[in-house]
Structures are given as C-alpha cells and as structure tokens.
Amino acid sequence: MQLSDFDYKLPSRLIAQRPSALRGDSRLLYLPADADPQDRHFSDLPSLLGRGDLVVFNDSRVMRARLLGEKETGGRVEVLIERLLAADVALAHVRASKSPKPGSRLRIADTWLSMDGRRGELFRLRSEGMSFAALMAAHGHMPLPPYIERSDTPQDAERYQTVYADRPGSVAAPTAGLHFEQGMLDRLDRLGVKTARVTLHVGAGTFQPVRVHELDAHQMHSEWLEVVEETVSAVQETHAAGGRVVAVGTTSVRSLETAARGGMLAPYRGETALFIRPGCRFRVVDMLLTNFHLPQSTLLMLVCAFAGYEATMAAYRHAVRQQYRFFSYGDAMLLERQR
C-alpha cells in the first residue's frame, strides 16, 4: 500500500482545539469486526466490555517539555525536550532562526544550556544549572500538538494528562486515556474488568509526517517502553480464560506487540521502532480504544491494520459526516480486531 491510500478529507473545524467540559464527556464510535459503525457515548464503554476482559493502559506521564528562551546572541529559541539521558543531559528539538552549533549556549530563564552535539535531528543539551526536571517544573509548558493552534493554559496541565499517569517521560499524551476519569475506572472494576499497565514514553516523532510514498521506505521513530512480568501474566491469564485484551491507545498496542515479536509475549524493556501497517499479524491485542488520527499518519495505518483497511476508512468517513471531534482532544473509537 502507498501513502495516498491513507488520506481522507477533514474539515479543520472538526479538529478539537480544547478538551470537552468533563473527562468522559465525549462520543464513542464503536466498530465491531462484522458490522457497521455504531454511534455511542464514552459512558457506554462498560456495556461493550465484559467480566474477565483486560484493559491495558499506558501510564507514561507528559513532561512540561516545551521551554522558551534565547540564544547567547539574543535570538529567540524554543526547546522541546525529547528524552532525558541524565539529570543534566537531554536530547531535544531546537527551533531558532539558525540552528545552534556545538559549543553554543541557550538560556532558559536564569539557566544556561550548552549544546554538546547532535544525534540525528536532535540536539544534545547539558544544563549548567538546575536539573532538567526542575527546569521543566519551573519554566516548562505543556507540549500541545502542532494542530492545536493556541498556547497552553493551566487547564492543559491537568487535561493533557491521564488521571493514572505515573512515570514522567512523554512529550505527547497517550490521548486515548484522556477520556478516563476515576468514576469510569471504578465502573469497570465493579463489572469485573481487569486492568494492567505498560509504559511507553511518547516522542515528538509521533507527529512526524510520512515523507515517502512507498511505505517500505519509511523510517519509524524510536520510543522507549517497558512491559513488566505482571502485565504479561495478566494477558496470559485473560486469554486462557477466554477474555479479551483491550489496548487503550496505539502506544499500548505498540508496547504489547513489540514485547511479543519473538512469538510469545514476554517482559520487555528497551526501544521500539515497530511500524504497524496493513499485513501485520497481531499476537496480543483483541480490541483497541483510540482517538481519531491524522490523514497519512503511521497511527492511522496501525488502526487500518487492526480493524481492516476498508472498514476503518469507511468509519472515518462516517465520523466526518457525523461531525465527531478529531485528534488529541477529540472523541474516541472502540474497534474490534479484524479476524
């Protein structure tokens, strides 16, 4: 398949610029494996799951990774922390009128950052003052996606974060989880739905466009993840008892399917550059809860691989006609895996 196969027309007015009034106050497009899409509400989720199913969340926490400052020469600069290598060392994207050279310095508030070198498109920065964690806590902004055309607000500090976020490291939210509030988690627990966690620290590469027409030539970005033994056991017990594994978000899918690349799900800790597209064999995940994704994106390709290309693209056209809200702060989909 080619890049153009994953295009669809989306009116800009359907791109959600702000979160809904309340978590969970969103629509849910349900796509069964053998039926037409159904217009639901997120509050209907428990009725679509059952006792013994396992819901897997990504517990990564979004860092206040966007830092605004200036170069030694006085020009404005924007730093987006991609990954912390040590307390005082980070890999980052840097936007400025001219790219900083090795040995140059950037200032964020009263803290200087020295540019040690490059790693591909990323800059290796060393803080000469406070740690990066402290610097982001004091001066960082929430790294809203590029299609949200406004500055972040105090509301974003809460709403661009899942209620179960635990392990800092992401520069973009695992957005399918933004719909959950504690009341929904409690309802699922009373129903007998089990939960488990993985960690995948979402990088800015999740918004990287596919720049090649032939998909085989696309170089997938790399992200760090961990799937622990407890989660592996929960998945195995669920399948053995006839339950379904429900991944919350494409990041949970990539985590579980990466950990099963050897043929069987096993604990995993390390990098993944897994590019899931039509033709992929899924070994773990039975259902996927996700938001709507950008045209021609690797995330849309993953969803098409999971639920079937024709069914997924038809569901997206349906969502546009029914005026669902799209992308990070938008509505959700629940999809069954194509058999």
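As shown above, the structure is provided for reference.
The sections below set out a description of the structure shown in this document. (Residues numbered from 1 in each chain as written. Predicted model: local features only at pLDDT ≥ 70, side-chain atom pairs only at ≥ 80, totals over all residues. Heavy atoms only, no water.)

### Examining the overall build of the chain
Now for step 1: When its secondary structure is counted, the chain shows eight helices and 17 strands.
Now for step 2: A compact globule built from 339 residues should have a C-alpha radius of gyration of about 20 Å, and the chain, at 20 Å, falls within 12% of that.
Now for step 3: In terms of overall dimensions, the chain has a C-alpha envelope of 60 × 45 × 40 Å along the principal axes.
Now for step 4: Sequence separation of 24 or more characterises 71% of the internal contacts of the chain that already satisfy a separation of 6 or more.
Now for step 5: Accessible surface, the chain: about 15,100 Å² in total, of which carbon and sulfur atoms supply 47%.
Now for step 6: Between the centroid of the 42 positive side chains of the chain and the centroid of its 39 negative side chains there is a distance of 3 Å. (Helix = DSSP H or I, 4+ residues; strand = E, 2+ residues; numbered from the N terminus. Rg over C-alpha atoms; globule rule 2.2 N^0.38 Å. Contact = heavy atoms within 4.5 Å. Areas by Shrake-Rupley, 256 points an atom, 1.4 Å probe, with all protein chains shown as cover. Lys, Arg positive; Asp, Glu negative; His and termini not counted. Charge placed at Lys NZ, Arg CZ, Asp CG, Glu CD.)

### Topic: the environment of proline 168
Now for step 1: Within the element layout of this structure, proline 168 appears in strand β11 (residues 167-170).
Now for step 2: By relative accessible area, which is 56% here, proline 168 ends up exposed.
Now for step 3: Residues within four places of proline 168 in sequence aside, it is in contact with Arg61, Met63 and His201. (Buried < 20%, exposed > 50% of the residue type's maximum accessible area, 1.4 Å probe, protein only.)

### As for the layout of surface pockets
To locate leftover empty space, one rolls a probe as large as a water molecule over the atoms.
Now for step 1: Its volume calculated, the largest pocket comes out at about 1,000 Å³.
Now for step 2: If you trace the largest pocket, you find 37 residues lining it, with Leu80, Glu82, His93, Ala204 and Gly205 closest to the centre.
Now for step 3: Every element with two or more residues in the lining of the largest pocket is listed here: β6 (76-86), β7 (89-96) and β10 (122-127).
Now for step 4: Considering each element in turn, the lining of the largest pocket owes the most residues, five residues, to β6. (1 Å grid on protein atoms, 1.4 Å probe; cavity = no way out; pocket = protein on both sides within 12 Å on 5 of 7 lines; lining within 4 Å. Points joined across faces, edges and corners; volume = space filled by probe spheres on them.)

### Comments concerning the sheet that holds β7
Pairing between sheet strands relies on hydrogen bonds along the backbone, with the strands arranged either parallel or antiparallel.
Now for step 1: Read around the closed barrel, six strands run β5-β6-β7-β10-β9-β8, paired in antiparallel fashion. Pairwise comparison of adjacent strand axes, ignoring direction, gives a mean angle of 45° for this sheet.
Now for step 2: The pairing of strand β9 (residues 111-119) with β10 spans six bridges and is classified as antiparallel. If you follow serine 114 over to β10, its bridge partner there is arginine 126. (Pairing = 2+ DSSP bridges. Axes fitted to C-alpha atoms, helices over the stretch in contact; angles between N-to-C directions.)

### As for the pairing of strand β1 (residues 27-31)
Now for step 1: β1 sits mainly inside the fold: four of its five residues count as buried.
Now for step 2: Here four bridges tie β1 to strand β2 (residues 38-41), and the two strands are oriented antiparallel to one another. Looking across to β2, one finds that leucine 28 is bridged to arginine 40.
Now for step 3: In this structure, the hairpin formed by β1 and β2 is closed by a connection of six residues.
Now for step 4: Sheet topology places β1 next to strand β17 (residues 332-336); four bridges connect them, and they run parallel. Residue pairing in the sheet places leucine 31 in a bridge with leucine 335 of β17.

### Digging into helix α8 (residues 309-321)
Now for step 1: The terminal C-alpha atoms of α8, which comprises 13 residues, lie 19 Å apart, in line with the 18 Å expected from a rise of 1.5 Å per residue.
Now for step 2: For α8, the set of buried residues is Thr312, Met313, Ala315, Tyr316, His318, Ala319 and Val320.
Now for step 3: Structurally, α8 contributes buried residues whose contacts are with β1, β2, β16 (287-291), α7 (298-307) and β17. (Expected span 1.5 Å × (residues − 1).)

### Focus: the nonpolar core
Now for step 1: Counting 65 residues, the largest nonpolar core has Tyr160 and Phe326 as its most contacted members.
Now for step 2: If you tally residues by element for this core, the top one is α7, at eight residues.
Now for step 3: Not counting the four nearest positions on each side in its chain, tyrosine 160 is found in contact with Val62, Met142, Pro143, Leu144, Pro145, Ala172, Ala173, Thr175, Leu178, Phe207, Ser328 and Tyr329. (Core = buried A, V, L, I, M, F, W, Y, C linked by side-chain atoms within 4.5 Å.)

### Looking at the packing of α7 against α8
Now for step 1: Across the interface, α7 lies against α8 with an axial gap of 6 Å and an inter-helix angle of 120°. Considering the angle they form, α7 stands oblique to α8. Between α7 and α8 lies a crossing whose hand is right-handed. Between α7 and α8, the residues in contact are Leu300, Val303, Cys304 and Ala307 and Tyr309, Ala311, Thr312, Met313 and Tyr316, respectively.
Now for step 2: Across the contact of α7 with α8, the residue classes tally to eight nonpolar, one polar and no charged. (Parallel < 35°, antiparallel > 145°, perpendicular 65-115°, else oblique. Left-handed = near helix turned anticlockwise from the far one by under 90°. Nonpolar A, V, L, I, M, F, W, Y, C, P; charged D, E, K, R; others polar.)

### Details of the packing of helix α6 (residues 250-259) against α7
Now for step 1: At a minimum axis distance of 11 Å, the contact between α6 and α7 shows a crossing angle of 65°. Classified by the angle between their axes, α6 and α7 sit roughly perpendicular to one another. As α6 packs across α7, the resulting crossing turns out to be left-handed. When α6 is examined against α7, the residues Thr250, Val253 and Arg254 are found in contact with a partner set consisting of Leu299, Leu302 and Val303.
Now for step 2: Here the contact of α6 with α7 is composed, by residue class, of four nonpolar, one polar and one charged.

### Brief notes about the side chain of arginine 159
Now for step 1: Along the polypeptide, arginine 159 turns up in helix α3 (residues 154-159).
Now for step 2: Residue contacts for arginine 159: discarding those within four places in its chain leaves Pro19, Ser20, Ala21, Leu22, Arg23, Leu178 and Tyr329.

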